[in-house]
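Residue strings, one per chain:
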Amino acid sequence: MWALLRSFSLQELLHHPWRTASALMAVVLGVALGFAVHVINASALDEFSRAVRSVQGQPDLELRAMQGALPEPLYGLVARQPQVARAAPWLEASVQAQRGAGQAPPVTLRLLGADALQFAPMAPALVPRLFAGRNRLDLFAPATVFLNAAALQALDLNEAQAADAQLQWRLPAPPDGSAPAPVMVRIAGTVAASGPPLALMDIGAAQDLLQRWGGISRIDLLLAPGADADRLLGELRALPGWPQGVLASVPGNEQQRVAQMSRAYRVNLTVLALVALFTGAFLVYSVLSLSVARRAPQFALLAVLGLTARERLALVLAESAVLGLVGSAGGIALGLGLAALALRLLGGDLGGGYFGDVQPALQWSGAAALVFAALGLAATLAGGWWPARSAQRLPAAATLKGLGALQIPAAGARLPLLLLAASALLAWLPPIAGIPLAAYVSVALLLLGGMAALPWLLGRLLRRLPEFARRRPLWLLAFERARRMRASAGVAVGGVVASLSLAVALTVMVSSFRGSMLEWLDTALPAPAYVRAPSGAGQGDAGLRDARLLDAVRALPGVARAQAQRNASLALDSRQPALALLVRPLRGAQAQALPWLAPPLPVPQGLMGVHVSEAAAQLYGLQPGQRWDALQPAFPSAPGFFVAGIWRDYVRQFGAVAMDSGDYQRLTGDTRLSEIALWPAPGADLAALQARIQALAPAHGALEWVGSQGLRERSMRIFDRSFAVTYWLQAVAIGIGLFGIAASFSAQVLARRKEFGLLSHLGLTRRQILSVVAGEGAVWSALGAVAGTLLGLGVAVILVHVVNPQSFHWTMELRLPWLRLALLALAVTAAGTLAAWLAGRAAAGRDAVLAVKEDW
């Protein structure tokens, strides 16, 4: 018996490959995309964590300054504490390195200065390995470095070549503003640390080389047995002379900070990928509903032969489970392949830029595979539940007599309204643990409510027949059937509406973000050109130039105006990623404007004004017009800080602070600059001006001329790269929707062979029957396009005004690309009409006449 039933179900799935394939495709893609995003990010996080551990080791405690460097006497003060078993000082910087005096572009190296007698127990991967024949005292020799494998590869060296090589280093400008000359360093060995290019040398030699006497970057501590970190910190802060602005963190904070920075990006990509499963559930619902309706006489016969209602329910759910298992297995395999391909071609950042220096290996996770496979199975079972319940409630005797054909129950307006009301309420809730979980549920309820409202909505829209349909019998047939069979119509267009709403929502979201980004760039890049360290070499303090470069640029012919700008880092909380510190002229006649949300407030006498980005304002609870005392420890000599304004920033997800150049230089004495905003004189020869700026390179290091238009184009390329997965998801959603239209209408039309045969007996020609079918397809598709567009606009409002601010802490204006939305709706309508016409050709032939004879 069960063998016969299994054959019954299998034959049904294989007999209609287009319908089965449409549902399978949605499940496969949903599982594949979600699993691929998880594998890529898990691999990148794992590789980043291993790289951090190899460089920083595993100290019990790490001390850093909020801004700038720690005073060197602090190391002795900490090391003498009885609870400290070992303390290791570190000096960190970034330098530009070249092989000899070649013309190859400089390579940016992370320079670590360390005490070789102290750090080995904490970071074994940094223990230097001398080349054969080298003296052990090279560990402490001046201008002598040890490189990791990534640095050797970046410099195009192998170990044999490196043993005799010297490098020319361009050092960052010291805080006093002087211009250091290039220095030659020799390579004495290697280190095993992984990660980005790294150079290690003795801390004393590094201080001499960098002219940073009296300062260190961080202190790592190993605590004595039984020592308590919180108690130690309390005692340290109570010591006389303990400076302000010292942050303490524990191992793993760096990994946690990067994981937190990328979490919103990862979660949003995963949710968008799993929306394909949502569409798949509706396609499964559509396919199985139509399949059960078409097989109603067979189910009735099985019921008469002894198949119970529960067994009919299990039979349809088994068909749904087969779709889920096959789709999930295919999705896991495809997702693993996509992840491997993306890691090889794109690295681990998925366009987000969080793991740009990491080249991770694929990390397979069986548990994650089972989770995503279970999600795929759950989606298909959810889609098959209502068709299975319909088969369970089938009136067997009436159906066999042709009087009780299984009908899809029409839904009222109460349930859809409740779902839509719950969606609206959830959209107002705050994020949970920094993730907009309530907003995601709100989107799901909005889609469910829209799907549930389809039959009711179709009934309302078709309540009155159009005037032209009353005078044309063929159109009258199409409209009357769509109106009287609106529940079936709702099933047919349900998957279409789900996929179209996703496509519309993603189109509006990306268009809104892109338009806001372009407007932001117009304000953020006021100058026609910028002069700075070359891209890739301008990271950290390697890109800093001495203040005399500004005077040299201003003195060049063809320069009307030049302003110095500085980018730095500001850590206020060891558990949070550092804030970006932007130093700009913000006062006076030549003040630069920021993309403020509202005009800035005047700064009270005796305070220093700062301007915070939207992200910083949300993360630290700031409002214009209030004091910001948390910033005081980073600048102990400041009289106090006043939040003068909030500005929009689409680059720095975890916040930025803008400070006037004069205030920063008074507080720190640091006049170095990161770049120069340049306004050429009217009619100036730009090529000649670029050549003059390049001529300054021997005295000030390599320089790059970048036009604001080039920066805009580069920024938009990064934007498009970041949204590449979103674009692909949008294309997938449209493809699934069009494929679902073809499958749904094919199933509907093939199930109506007897109806077409009757119309043929009543005198309608084959061409007229096809016109009726195409008209029904046009009506249903047009109504589905309207419903999908409206539903997608509702989802877009939640994405733009709720999900995006809660995930990334910035706002944008809602922009509706009407032309693209209209083209999407027209494409869906045309595809539905064409699919219905093609399916009608197969169903309105000789088989339809024979189907009528079966009832005689």
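Relevant structure appears above.
Here is a short report on the structure shown in this document.

Conventions and cut-offs
Residues numbered from 1 in each chain as written. Predicted model: local features only at pLDDT ≥ 70, side-chain atom pairs only at ≥ 80, totals over all residues. Heavy atoms only, no water. Helix = DSSP H or I, 4+ residues; strand = E, 2+ residues; numbered from the N terminus. Buried < 20%, exposed > 50% of the residue type's maximum accessible area, 1.4 Å probe, protein only. Axes fitted to C-alpha atoms, helices over the stretch in contact; angles between N-to-C directions. Parallel < 35°, antiparallel > 145°, perpendicular 65-115°, else oblique. Contact = heavy atoms within 4.5 Å. Nonpolar A, V, L, I, M, F, W, Y, C, P; charged D, E, K, R; others polar. Phe/Tyr/Trp six-rings, centres within 6.5 Å; stacked < 30°, edge-to-face > 60°. Lys NZ or Arg CZ within 6 Å of the ring centre and 35° of its normal. Pairing = 2+ DSSP bridges.

Next up on the list: unusual backbone geometry. Its identity is not glycine, yet aspartate 156 carries a phi of approximately 60°, on the positive side. Within the element layout of this structure, aspartate 156 appears in the loop between α4 (149-154) and α5 (159-162). Owing to a relative accessible area of 58%, aspartate 156 belongs among the exposed residues under this scheme. Within the chain, histidine 809 stands out as a residue other than glycine whose phi angle is a positive 65°. Here histidine 809 is to be found in the loop between α27 (766-808) and α28 (818-843). According to the relative accessible area criterion, histidine 809 is buried, its value standing at 12%.

All right, on to the packing of helix α14 (residues 437-452) against α27 then. α27 packs onto α14 with a crossing angle of 175° between their chain directions and a minimal axis gap of 10 Å. Judged by the angle between their axes, α14 and α27 are roughly antiparallel. In contact with Ala439, Tyr440, Ser442, Val443, Leu446, Leu447, Gly450 and Met451 of α14, α27 contributes Leu791, Gly794, Val795, Ile798, Val802, Val803 and Ser807. Split by residue class, the contact of α14 with α27 holds 11 nonpolar, four polar and no charged.

Moving on: the packing of aromatic side chains. Under the definition given, this model contains nine aromatic pairs. Ring centres of tryptophan 520 and tyrosine 650 lie 6.1 Å apart, and the angle between their planes is 65°; on these two criteria the pair is classed as edge-to-face. Of the two residues, tryptophan 520 is situated in helix α18 (residues 486-524) and tyrosine 650 in the loop between β17 (641-647) and β18 (656-660); the sequence distance between them amounts to 130 residues. Tyrosine 650 carries the same exposure label as tryptophan 520, and that label is buried. Over the face of the ring belonging to tryptophan 90 we find arginine 218, whose NZ or CZ atom lies 4.5 Å from the ring centre. Between arginine 561 and the ring centre of tryptophan 679, over which it is positioned, the NZ or CZ distance is 4.0 Å.

Here we take up the pairing of strand β8 (residues 183-190). On a regular strand, each side chain points to the face opposite its neighbour's, so the side chains alternate between the two faces of the sheet. Relative to β8, strand β5 (residues 129-130) is paired through two bridges, and the arrangement is antiparallel. Directly across from leucine 130, in β8, lies its bridge partner glycine 189. Inspection of the sheet shows strand β6 (residues 144-147) paired to β8 by four bridges, in the parallel sense. Of the residues in β8, the one forming a bridge with phenylalanine 146 is glycine 189. In the sheet, strand β7 (residues 166-170) pairs with β8 via four bridges, with the strands oriented antiparallel. Considered in β8, the bridge of glutamine 168 is made with methionine 184.

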